[in-house]
Structure formats: C-alpha cells, structure tokens
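Structural description and commentary
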Amino acid sequence: MKEYSSYGIKICHYNRIFEKTVEMYRSAVDFFITVCLEEWEFLQKLSGKERNNEVEKLTIRTKKRPEVRYDFSEDYYKFPSYLRRSAISEAIGKVSSYHSNLENWKISGKGRKPGPPSAGNVFPVLYKKSSYLRTGEYTAKIKVYLRNTWDWLEVSLRKTDVDYIRHHCGERKECVPVLKRKGREWFLNFSFEETVSLSKVPVREQRILAVDLGMNQACVCTAMKPDGTVLGREFLSLSREKDLLKTAVNRIRKAQKHGAVRTPRLWALARGRNDRIAVLTADFIMEKARKYQVDVIVFEYLELNGKKRGRHKQRLHLWKAKYVQNMVSGKAHREGIRLSRVNARGTSAYAFDGSGRVERNIDRNYSICRFSTGKLYHCDLNASYNIGARYYIREHLKSLPEKERLGIEAKVPQCTRRSTCTLSTLTDLYAVLPA
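A brief structural summary. Each chain has its residues counted from 1, following the order in which its sequence is written. Only residues with pLDDT of at least 70 get local features here, since the model is predicted, and only at 80 or more are side-chain atom pairs given and counted; chain-wide, interface and lining totals rely on the full set of residues. Heavy atoms throughout the structure, all of them, feed into the side-chain values; hydrogens and water do not.

1. Brief notes about the sheet that holds strand β9 (residues 219-224)
- With respect to topology, 5 strands assemble into an open sheet ordered β10-β9-β8-β11-β12, the strand pairing being mixed. A single partner strand is all that each edge strand has here, and the edge strands are β10 (230-236) and β12 (338-343). Each neighbouring strand pair of the sheet contributes to a mean axis angle of 25 degrees, computed without reference to strand direction.
- Relative to β10, β9 is paired through 6 bridges, and the arrangement is antiparallel. Note on β10: the bridge partner recorded for V220 is F235.
- What makes two residues a contact is simply this: any of their non-hydrogen atoms within 4.5 Å. Note on definitions: angles span 0 to 180 degrees between N-to-C directions of axes, and those axes are lines fitted to C-alpha atoms, for helices only across the stretch in contact. Only DSSP runs of H or I covering at least 4 residues are called helices, and only runs of E covering at least 2 are called strands; the numbering of each starts at the N terminus. Its contacts with the sheet put helix α8 (residues 321-334) on β11 (296-301) and β12, and the angle it makes with β12 is roughly 145 degrees. For two strands to be treated as a pair, DSSP must find at least two bridges joining them.

Below is the structure:
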C-alpha cells in the first residue's frame, strides 16, 4: 500500500510578497467555479481528465480556437498554464462536491441547504519545472505574481527543515509542493509518497497490542496472543503533562470569568500542551509495539462527532484520541504493522472474566471498577483485555466457513453479540475452534 506524509519548509526573509499570488490563484479558481456551475449539466457526463480538457476548451483562446465562450486570458494575462490547470481541477472538485451535497440534502431534507461553492482558503500547487525549481541545497525558485507580472523569485529555505527532510524522508518520493501560509510565515508544503508492505501473518499466529485510550490514564496497552494469553501490560500516565494542561485550562476559565472574550495566547498554550500529550502517547504505543513484536495494533472505534454533554464536556473536547490513532497509523504502517478498530460499546462496562457488568467510580476514583464478584480492578486495563478479545473473536469467526461458524456460535452463544464480548468469551471460543 502507499503511505503519504507531509512536511513544510519555511521560506526565509519574505512575508507579504506572496499574498498577491495567492489572491490571483483564488480569483482564478472562482472564475472556473462559475464556468463549471454554468456548464455542469454537460461536464458531469465526462470523466476526470475529459472535464479538465473541456473547461480549457471553453475558456482558453488558441490559434485554432480564437473565440471561446468564457475568455480567461482577458483578466488573467500570462497566467501560468500549470497553475491554471491546478485551478481548474480545484474548481471541478468543489462543484462536484457541491452538487453531491445538494442531492443528499434533497433526499434527506436535514440541515441547511448547501451554499454555492467558492475558492475559500485554497493555496497554489507549484508544479516542478513550470512553477518550482530547486537551485541549490537551501535555495529554490518559484513563480509568483510580482510587479504586475508572473516572474521567478529565488527564495531561501530554512536549513533545519531541509536537513530534517533529507534525514527522515530521503528514501521517499517527493511530490510537488504547495505554497501555504501559517500565521505570518510562508511555507512550501511537500508531500512524500512511499510503498509499504503490511504484515500477512495468519490470525492463528498473530500477536496484537490492544490499546485503550483514556481521559484519566493516557493509555493502557496489552500484548495478547490468539488464545487470549496476555504477554504484557503497559501503563502511561503523563501526570505532569496533564497537570500542566489542567492549569492552562483553568487560566482560560479564570480569564473568561473576568470578562475576557478572546484569549488566543492562553488557548495556544493549552493546545500545545494537549498536542504534546498526544505525541507522547503515540510514541509510547509504537515503543511497546516494537517491544512485543506485534503484527496488529487494535484501537476502539470512537465516534466523537456531535455535541458533547455532561460535566466532562471540556475534557472530551480536549481529548485527542483520533489524532493519536492517526499518528500511530502512519508510524505503524511504515514498519509493516497493521491497524484495526473494534466496537467500543461496553468495553469498560463488562468484566473481562465474564462476571457481568462492573461498578464504576469507586470512592470517587473513576479509574477503578468493582466486578460483581467483589474484585477491584483497573478499569482501563479491563477495557484493553476486552478490546483485544473482540478483535480476535471477529477475525477467528470471519475466517471460518458459514456452516462451521454457525456450529461454533451455537456452542458459544456469547460471541454472537459483539458489544458484550469479553476476554472470557475468547477463551471459550478458542477451546471449541477447529484445529
């Protein structure tokens, strides 16, 4: 499979000089959006490349085509051809998305009617040789709108960024850069493509790392074998980082109580600390995956969209569970480790030993739960056992013929309902599986 990553190289010494370039590019995208909206009835019948060619025929004058319906060159003199094609592709994508959303809205009737598309915050793609040339190790030329014309501008690239890319991305294929702005600084954002081979170990021989991402505990990892044998348990607390984040959030609350509507610096501090927790968590998970030489990392499928309710609303907003999973996904695939997600419902609510529902919030400690047998146990560790068990149950049953699967489900009826499966269910299932 192909894995993509991106990295931005800061452009030194220049600030406002690129604003006109971006403005012209966005204006060109808006022009082509207007054309696509007018001609969509015809364009939607064509394939991707044919659409681009047809829009060019409608807008670009040539020797053989002196008259066109919409004259692009009248207001965009000497606009670079590759930049123009990039603008056409961007416009077609936005119009296609708009019509799809409009059709879905007509069918469902939910929410507001989608508004007409616009260029928005798009940035120009600088194609090599036509808009971007590398002139040295730390220098490059890019084509920009300068002094009322399109001309080449030599820029200096930050040395640390270039050295980082050479060290970490030297073996990957470099794609064309995008000129982007972040705050008051400008960057060339490069995408890198690489081909990775994922593990093909059969489920009977797989080792997995079941990960429970918690709000109290940063994460709990359990290494498991297909029969439910636990190879190791690993805990990550990050108490210091979470205390710092709590302090930053409390400062924001205090400022808001005193009438401060906007607190950008305080929010930037809180976001930075929150991002650090996510990065440390992802690094910890990958470290344990290497330690136990696992073939698959298993997470819960977390649906965090929509309005958050309850007294832990603020903590749920700051919880970067999906960000951690995305980071781990990129790192794991690069090392040939697969990623899988299981049903999250009830992983913490049921005891791993099959004794039924657990009692939470023991003595105001939400990280401890009590089983119906009276045993006290770490709640996130219990959940990680059940996450790993649900993965193996699904994979074991999926690989069997229908007749054998139905026979096994008759012997172990608990495995038919995935939202109540626990580690004890996996143990019972493995005992009756065919050799």
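2. A closer look at unusual backbone geometry
- Positive phi, close to 75 degrees, is recorded for H13, a residue that is not glycine.
- Assignment of secondary structure puts H13 in the loop between β1 (2-12) and α1 (19-43).
- On the basis of relative accessibility, which here comes to 74%, the residue H13 falls in the exposed class. Only protein chains enter the accessibility calculation, which uses a 1.4 Å probe; a residue whose area is less than 20% of its type maximum is buried, one above 50% is exposed, and one in between is partly exposed.

3. Here we look at the pairing of strand β7 (residues 185-195)
- In terms of strand pairing, β1 meets β7 through 9 bridges, oriented antiparallel. Opposite S5, over in β7, you have F192 as the bridge partner.
- Bridging between strand β5 (residues 173-174) and β7 involves 2 bridges; their strand directions are antiparallel. Bridging from a neighbouring strand, K173 pairs with E193 of β7.
- Two successive antiparallel strands, strand β6 (residues 178-182) and β7, enclose a turn made up of 2 residues, where G183 displays a positive phi of approximately 70 degrees.

4. Examining the packing of α1 against helix α3 (residues 81-108)
- Where α1 meets α3, the closest approach of the two axes is 8 Å, and the angle between their N-to-C directions is 50 degrees. Classified by the interaxial angle, the pair formed by α1 and α3 is oblique. The two elements α1 and α3 meet at a crossing, and its hand is right-handed.
- Three classes are used, and their members are as follows: Ala, Val, Leu, Ile, Met, Phe, Trp, Tyr, Cys and Pro are nonpolar, Asp, Glu, Lys and Arg are charged, and the others, Gly among them, are polar. Residues that form the contact of α1 with α3 fall into these classes: 15 nonpolar, 3 polar and 3 charged. Orientation categories follow fixed angle ranges, with anything under 35 degrees roughly parallel, anything over 145 roughly antiparallel, 65 to 115 roughly perpendicular, and all other angles oblique. Put simply, a crossing is left-handed when the front helix is turned counterclockwise from the back one by less than a right angle, and right-handed when it is turned clockwise.

5. Digging into the nonpolar core
- Judged by nonpolar contacts, the single largest core of 34 residues is most densely connected at L209, V211, I285, I297 and V328.
- For this core, the elements supplying multiple residues, two or more each, are β8 (208-212), β9, α5 (239-257), α6 (264-291), β11 and α8.
- Not counting residues up to four positions away in its chain, the partners in contact with I285 are L209, V211, L213, C219, C221, I297, F299, V324 and V328.
- Among buried residues, the Ala, Val, Leu, Ile, Met, Phe, Trp, Tyr and Cys ones that are joined through side-chain atoms within 4.5 Å form a nonpolar core. Judged by nonpolar contacts, the second largest core, of 32 residues, contains V220, L381, L426 and L433.

6. Concerning the packing of helix α9 (residues 379-398) against helix α11 (residues 423-432)
- With their axes 8 Å apart at the nearest point, α9 and α11 run at an angle of 30 degrees to one another. For the element pair α9 and α11, the recorded crossing hand is left-handed. On α11, the residues that touch Y385, N386, A389, Y392, I393, H396 and L397 of α9 are L423, T425, L426, L429 and Y430.
- Across the contact of α9 with α11, the residue classes break down as 9 nonpolar, 3 polar and no charged.

7. Observations concerning the pattern of salt bridges
- Put simply, a salt bridge is a Lys or Arg side-chain nitrogen that is within 4 Å of an Asp or Glu carboxyl oxygen. Counted according to the given criterion, the structure contains 26 salt bridges.
- Residue E19 is joined to R181 by a salt bridge in which the shortest nitrogen-to-oxygen separation is 3.2 Å. Placement of the pair is E19 in helix α1 and R181 in strand β6, with a sequence separation of 162 residues.
- Residue class for E19 comes out partly exposed when judged on its relative accessible area of 31%.

8. Comments concerning α9
- Look at α9: 29 Å from first C-alpha to last across 20 residues, which is about the 28 Å you get at 1.5 Å a residue.
- Taking burial as the measure, the 20 residues of α9 include 18 buried ones, the bulk of the element. Multiply 1.5 Å by the residue count of a helix minus one, and that product is the helix's expected span.

9. Description of the state of the cysteines
- Disulfide: a pair of cysteine sulfur atoms within 2.5 Å of each other. The final tally for this structure, using the stated rule, is 0 disulfides.
- Distance from the sulfur of C221, which forms no disulfide, to the nearest cysteine sulfur (C219) is 4.0 Å.
- The buried category is assigned to C221, whose relative accessible area is 1%.
- Here C415 stays free of any disulfide, with the sulfur of C421 as its closest cysteine sulfur at 6.3 Å.

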